[in-house]
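Residues per chain are reported as follows:
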Amino acid sequence: MTAMLEPDSVLNVTGSVTLVLGSNFALRGKVNYVGSGRLTIIYLGTNTAFIERQMAKVDYYSPNAKVVLGASGITSYVGTITALQIEAAPYATIMCDI
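Residues numbered from 1 in each chain as written. Predicted model: local features only at pLDDT ≥ 70, side-chain atom pairs only at ≥ 80, totals over all residues. Heavy atoms only, no water.

Asks: Any details on the packing of aromatic side chains? Residues and values, ideally.
Replies: With the rule as written, the count across this model stands at 1 aromatic pair. Measuring from centroid to centroid gives 6.0 Å for F25 and Y60, while their planes differ by 25°, and the two rings are stacked. In this pair, F25 sits in strand 3 (residues 25-27) while Y60 sits in strand 6 (residues 55-69), placing the two residues 35 residues apart along the sequence. (Phe/Tyr/Trp six-rings, centres within 6.5 Å; stacked < 30°, edge-to-face > 60°. Helix = DSSP H or I, 4+ residues; strand = E, 2+ residues; numbered from the N terminus.)

Written out as structure tokens, the structure is:
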């Protein structure tokens, strides 16, 4: 499965949602959480993935691909990231708790 959420798209997350993706992933749209919603993204593809919008309550797992954060001015990402490579786009600020 491929997920390409473009800038005008909205993903509403109600409850615990897991997306398992196989070939391409880009998040440029908005994610809304309803109540105690939480999103898990498992990307099994090898193409570079992009997270370009702020996200909260998310766990991202990409064992075979690089993920680029902040290409369109992401302001926050709250959750976990496990990836083959993590790249910060130019002018992105990354803060993490270890």
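From this point, the narrative continues.
Asks: Please set out the side chain of S62 residue by residue, giving values where relevant.
Replies: Along the chain, the position of S62 falls in strand 6. According to the relative accessible area criterion, S62 is buried, its value standing at 0%. Side-chain polar atoms of S62 contact the side chain of Y60, separated by 3.4 Å. Every residue in contact with S62, bar those within four places of it in the chain, is listed here: Y43, T82, A83 and L84. (Buried < 20%, exposed > 50% of the residue type's maximum accessible area, 1.4 Å probe, protein only. Polar contact = N/O pair within 3.5 Å; in protein donor to acceptor, adjacent residues only side chain to side chain. Contact = heavy atoms within 4.5 Å.)

Asks: So what about the nonpolar core? Which residues, and what values?
Replies: Formed by 20 residues in total, the largest nonpolar core has its most connected members in F25, L39, I41, I51, M55 and Y60. When contributions to this core are tallied by element, the ones reaching two or more residues are strand 1 (3-5), strand 2 (10-21), strand 3, strand 4 (30-43), strand 5 (49-51) and strand 6. In terms of residue count, the dominant contributor to this core is strand 6 (6 residues). (Core = buried A, V, L, I, M, F, W, Y, C linked by side-chain atoms within 4.5 Å.)

Asks: Lay out the environment of S16 in plain terms, naming residues and giving numbers.
Replies: Along the chain, the position of S16 falls in strand 2. By relative accessible area, which is 72% here, S16 ends up exposed. With 51 residues separating them along the chain, S16 and V67 place their C-alpha atoms 22 Å apart.

Asks: Break down the pattern of salt bridges for me, with residues and values.
Replies: For the coordinates displayed, the defined rule picks out 4 salt bridges. Across the pair E6 and R28 runs a salt bridge whose closest N-O atoms are separated by 3.8 Å. With E6 in the loop between strand 1 and strand 2 and R28 in the loop between strand 3 and strand 4, the pair connects residues that are 22 residues apart, well separated along the chain. Look at E6 and you get partly exposed, because its relative accessible area is 39%. Close ionic contact of E87 with K66 constitutes a salt bridge, the shortest N to O distance being 2.9 Å. Placement of E87 in strand 7 (residues 77-88) and of K66 in strand 6 is noted, with a sequence separation of 21 residues between them. Taking relative accessible area as the criterion, E87 reaches 32% and is therefore assigned partly exposed. A single salt-bridge network, built from bridges that share partners, covers E6, R28 and E52. (Salt bridge = Lys/Arg side-chain N within 4 Å of Asp/Glu carboxyl O.)

Asks: Go over the side chain of E52 with me, naming the residues and quoting the values.
Replies: With respect to the secondary-structure elements, E52 resides in the loop between strand 5 and strand 6. What makes E52 buried here is its relative accessible area of 7%. A distance of 3.0 Å separates polar atoms of two side chains, one belonging to E52 and the other to R28.

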